[in-house]
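Below, each chain spelled out in residue letters.
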2 protein chains.
Amino acid sequence: MKRTRFDRDPCPIARATDVMGDWWTPIIMREAFLGASRFGDFVDRLDVPRATLAKRLERLVEDGLLSQTAYQDNPPRYEYRMTEKGFAFLDVLVAMWRWGSEWGWPEGRGPAVELVDPVTGNEIIPQVVDVRTGEPIDPTRLRMQLKSSAKRRTVKAAEE
Amino acid sequence: MKRTRFDRDPCPIARATDVMGDWWTPIIMREAFLGASRFGDFVDRLDVPRATLAKRLERLVEDGLLSQTAYQDNPPRYEYRMTEKGFAFLDVLVAMWRWGSEWGWPEGRGPAVELVDPVTGNEIIPQVVDVRTGEPIDPTRLRMQLKSSAKRRTVKAAEE
DNA sequence: AAAGTAAGTTCAGTATTTGAACTTACTCGA
DNA sequence: TCGAGTAAGTTCAAATACTGAACTTACTTT
């Protein structure tokens, strides 16, 4: 019996879960973003078990969030770098940051870290919005449904 | 040996990972948001193993993302409902949706589902932005650091 | 009275995670 | 040139976690 995989699921949330739902993976991506690139960088920063780390890096490379570049041949040694797909994933990490900051500590306390723009020095406060309106997502006005293109096709088929 | 927990980690991403990094949890939260409330609702919609589901619901209640309300006494039966903390988590799901939609399918294909506003009928395209500027997060201008309040205290101490 | 329902729990077999020790192929300093 | 050090894994055994199927409990319906 292996773990149920979501990589063929029609829902984008399930597909994302399949990639980043492995224990340690979001934290490994955080460190990759913060500059870790070699195996030892991750080991030094994270006390993650080496066996687990090796498996996670392998999968992240397979899934295209990290790329592997040899920096030495014998023995072969690699550097792991964020790909475009990996950078895009940052939005998820940042949404987790926001939620974790707001809800991850007991009342009255909060994290001792913050997000800043190194150019302006301003604090960055992430928020998820709708591109069309620029407004935050309203949970009471959010539905998931078959795409209108698929719907249209169905309607069209029904009309014929 | 038990799994390394991140619920005391100083990083908000780690705290979020601790809650939602369990396999099935994001998908269970998706269904809860879509209206599932009883044990059987989740079983019907998700073919999740009942034992796993029971454990996840228990932990989500413990962590305050779902609340448990008895709708019958003997035998005791509960309804699981989203709390404010659970609704806030929707931002993370929605960020996962966006990333999953864009990167979870092979080139040229995409998911057959979409997010819509049921009032206007418009598609909702989620994006993570900085509240201050309204602009998307630029991965090259994002640093995580000790909070300025902590820094200020240090600077002040140094000045004295 | 028998069958069905709802929400779990129990079970045994796999799979995964963990920490510690081991491996490989250099590189450096004495 | 010998021994120690480094880097990136791999291997191992023990502990957990996940899975699907069967079981339980206390009603409710036919």
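To be clear, the structure that these remarks concern was listed above.
Residues numbered from 1 in each chain as written. Chains lettered and ligands numbered in written order. Predicted model: local features only at pLDDT ≥ 70, side-chain atom pairs only at ≥ 80, totals over all residues. Heavy atoms only, no water.

Asker: Mind laying out the relation of the copies chain B and chain A, listing which residues take part and the relevant values?
Answerer: Expressed as a screw transformation, the operator carrying chain B onto chain A has a rotation angle of 180° and an axial translation of 0.0 Å, and the superposed copies differ by an RMSD of 0.0 Å. Within this description, the copies of the chain are treated as partners about a two-fold rotation axis. Every residue of chain B has its C-alpha some distance from the rotation axis, and the shortest such distance is that of Val128(B), at 2.2 Å. A shared interface surface links the copies, since 100% of the contact residues of chain B are contact residues in chain A too. (Least-squares fit on C-alpha atoms with pLDDT ≥ 70 in both. Contact = heavy atoms within 4.5 Å.)

Asker: Can you break down the packing of aromatic side chains residue by residue, with the values?
Answerer: Here the structure, examined in full by the defined rule, presents six aromatic pairs over all chains. Geometrically, the ring pair formed by Trp24(A) and Phe6(B) is edge-to-face, given 4.9 Å between the ring centres and 80° between the ring planes. Here Phe6(B) lies in the segment before helix H1 (12-20) and Trp24(A) lies in the loop between helix H1 (12-20) and helix H2 (25-34), a pairing that spans two chains. Across the pair, Phe6(B) and Trp24(A) agree in class, each one buried. Ring plane angle 75° and centroid distance 5.1 Å describe the contact between Phe89(A) and Trp99(B), whose orientation is recorded as edge-to-face. Of this pair, Phe89(A) sits in the loop between helix H5 (84-88) and helix H6 (90-103) while Trp99(B) sits in helix H6 (residues 90-103), which puts the two residues in different chains. An aromatic cluster is present here, built from Phe6(A), Trp23(B) and Trp24(B) joined pairwise through their rings. Stacked on the ring of Trp105(B), the Lys or Arg Arg15(A) has its end atom at 3.9 Å from the ring centre. (Phe/Tyr/Trp six-rings, centres within 6.5 Å; stacked < 30°, edge-to-face > 60°. Helix = DSSP H or I, 4+ residues; strand = E, 2+ residues; numbered from the N terminus. Buried < 20%, exposed > 50% of the residue type's maximum accessible area, 1.4 Å probe, protein only. Lys NZ or Arg CZ within 6 Å of the ring centre and 35° of its normal.)

Asker: Give a description of the nonpolar core that names residues and reports values.
Answerer: Formed by 82 residues in total, the largest nonpolar core has its most connected members in Met96(A) and Met96(B). Ignoring sequence-local partners within four residues, the contact set of Met96(A) consists of Met20(A), Pro26(A), Pro12(B), Ile13(B), Ala16(B), Thr17(B), Met20(B) and Val92(B). (Core = buried A, V, L, I, M, F, W, Y, C linked by side-chain atoms within 4.5 Å.)

Asker: Break down the interface of chain B and chain A for me, citing the residues and quoting the values.
Answerer: Between chain B and chain A, the contact holds 77 residues from the first and 77 residues from the second. Summed over both sides, the interface of chain B with chain A buries roughly 8000 Å², with 70% coming from carbon and sulfur. The largest per-residue losses of area from chain B upon contact with chain A belong to Trp23(B), Trp99(B) and Arg141(B), which jointly make up 11% of the total buried on that side. Applying the counting rule to chain B against chain A returns two salt bridges. In this structure, Asp117(B) engages Arg141(A) in a salt bridge whose closest nitrogen and oxygen atoms are separated by 2.7 Å. Our count for the contact surface shared by chain B and chain A stands at 26 residue pairs in polar contact (both at pLDDT 80 or more). When residues of the side of chain B that touches chain A are traced back to their parent elements, those giving at least two are H1, helix H2 (25-34), helix H5 (84-88), H6, strand E3 (113-116), strand E4 (126-130) and strand E5 (143-146) of chain B. Sheet topology note: the strand E5 (residues 143-146) of chain A/E3(B) ladder contains four bridges and is antiparallel. (Buried area = accessible area lost by both parts, 1.4 Å probe. Salt bridge = Lys/Arg side-chain N within 4 Å of Asp/Glu carboxyl O. Polar contact = N/O pair within 3.5 Å; in protein donor to acceptor, adjacent residues only side chain to side chain. Pairing = 2+ DSSP bridges.)

Asker: Just give me the short version of H6(B), but keep the residues and values in it.
Answerer: If you check H6(B), its first and last C-alpha atoms are 20 Å apart, about what 14 residues at 1.5 Å a residue would give, namely 20 Å. Of all the residues in H6(B), the buried ones are Leu90(B), Val92(B), Leu93(B), Val94(B), Ala95(B), Met96(B), Trp97(B), Trp99(B) and Gly100(B). (Expected span 1.5 Å × (residues − 1).)

Asker: Could you give an account of the environment of Thr140(B), with specific residues and numbers?
Answerer: Residues and elements named next belong to chain B. Mapped onto the secondary structure, Thr140 falls in the loop between E4 and E5. Thr140 gets classed as exposed once you look at its relative accessible area, which sits at 57%. The spatial distance from the C-alpha of Thr140 to the C-alpha of Ala51 is 43 Å, given a sequence separation of 89 residues.

Asker: Give me the lowdown on the pattern of salt bridges, citing residues and values where you can.
Answerer: For the coordinates displayed, the defined rule picks out 24 salt bridges over all chains. Notably, a salt bridge pairs Arg38(A) with Glu79(A), separated by 3.2 Å at the nearest N-O pair. Taken together, the residues Arg38(A) in the loop between H2 and helix H3 (39-45) and Glu79(A) in strand E2 (residues 77-82) connect sequence positions 41 residues apart. Given the relative accessible area of 14%, Glu79(A) is considered buried. With a closest N to O distance of 2.6 Å, Glu102(B) and Arg98(B) form a salt bridge. Highlighted residues: Glu102(B) and Arg98(B), both in helix H6, separated by four residues, approximately one helical turn. The class for Arg98(B) is partly exposed, based on a relative accessible area of 25%.

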